Amino acid sequence: MLPEKPPPVIPIFSLMKKIVDAACMHMVMNPQQFDVVVCTNMFGDILSDLTAGLVGGLGLIPGANIGDDAALFEAVHGKCAGYCRKKSG
């Protein structure tokens, strides 16, 4: 037996379209409003650098570059390979 009235539709996500400079301002003023950001490579680089600065630097932010045929995930944004090869003392 079917219910007389279908249950209300609850949206899983909301979509916000922003130009990159407005997105930067909103990320600084109210970063909690963003759960996931999807954008082109150039704007993604700008926004990821901005968010890295909000939390302490590029070495603290993971990254993902996702294309049509492949994806690359980085544990941290940027690199520290030069520091890994240095001897202490």
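Residues numbered from 1 in each chain as written. Predicted model: local features only at pLDDT ≥ 70, side-chain atom pairs only at ≥ 80, totals over all residues. Heavy atoms only, no water.

Attention shifts here to the overall build of the protein. Helices and strands together make up the secondary structure of the protein, namely 3 helices and 2 strands. In sequence order, the secondary structure elements of the protein are arranged as α-α-β-β-α. The proportion of buried residues among the 89 residues of the protein is 11%. Summing over all exposed atoms, the protein offers an accessible surface of approximately 8,100 Å²; the carbon and sulfur share of this is 63%. (Helix = DSSP H or I, 4+ residues; strand = E, 2+ residues; numbered from the N terminus. Buried < 20%, exposed > 50% of the residue type's maximum accessible area, 1.4 Å probe, protein only. Areas by Shrake-Rupley, 256 points an atom, 1.4 Å probe, with all protein chains shown as cover.)

Attention now goes to the layout of surface pockets. If you add up the space inside the largest pocket, you get close to 870 Å³. Among the secondary structure elements, those contributing two or more residues to the lining of the largest pocket are helix H2 (41-55) and strand E1 (63-66). Take the lining of the largest pocket: its biggest share by element is 8 residues, from H2. Broken down by class, the residue content of the lining of the largest pocket amounts to 14 nonpolar, 8 polar and 3 charged. Empty space within the second largest pocket amounts to approximately 560 Å³. Leu15, Met16, Val36, Val37 and Val38 are the residues nearest the centre of the second largest pocket, which is lined by 19 residues in total. Mapped by element, the contributors of at least two residues to the lining of the second largest pocket are helix H1 (20-29) and H2. Partitioned by chemical class, the residues of the lining of the second largest pocket number 14 nonpolar, 2 polar and 3 charged. (1 Å grid on protein atoms, 1.4 Å probe; cavity = no way out; pocket = protein on both sides within 12 Å on 5 of 7 lines; lining within 4 Å. Points joined across faces, edges and corners; volume = space filled by probe spheres on them. Nonpolar A, V, L, I, M, F, W, Y, C, P; charged D, E, K, R; others polar.)

Here we take up the nonpolar core. Judged by nonpolar contacts, Ala23, Cys24, Met27, Phe34 and Leu47 together constitute the single largest core of 5 residues. Among the elements that make up this core, the one with the highest residue count is H1 (3 residues). (Core = buried A, V, L, I, M, F, W, Y, C linked by side-chain atoms within 4.5 Å.)

Bringing H1 into the picture now. Of all the residues in H1, the buried ones are Ala23, Cys24 and Met27. Within H1, the buried residues cover an arc of 105° as seen down the axis, which keeps them to one side. Opposite the buried face of H1, by more than 90 degrees, sit the exposed residues Asp21 and Met29. (Arc of directions from axis to C-beta.)

Once that is clear, we can look at the pairing of E1. Two elements, E1 and strand E2 (residues 71-74), share 4 bridges in a ladder whose sense is antiparallel. Residue pairing across strands places Ala64 opposite Phe73, the latter belonging to E2. Counted along the chain from E1 to the antiparallel partner E2, the turn is 4 residues long. (Pairing = 2+ DSSP bridges.)

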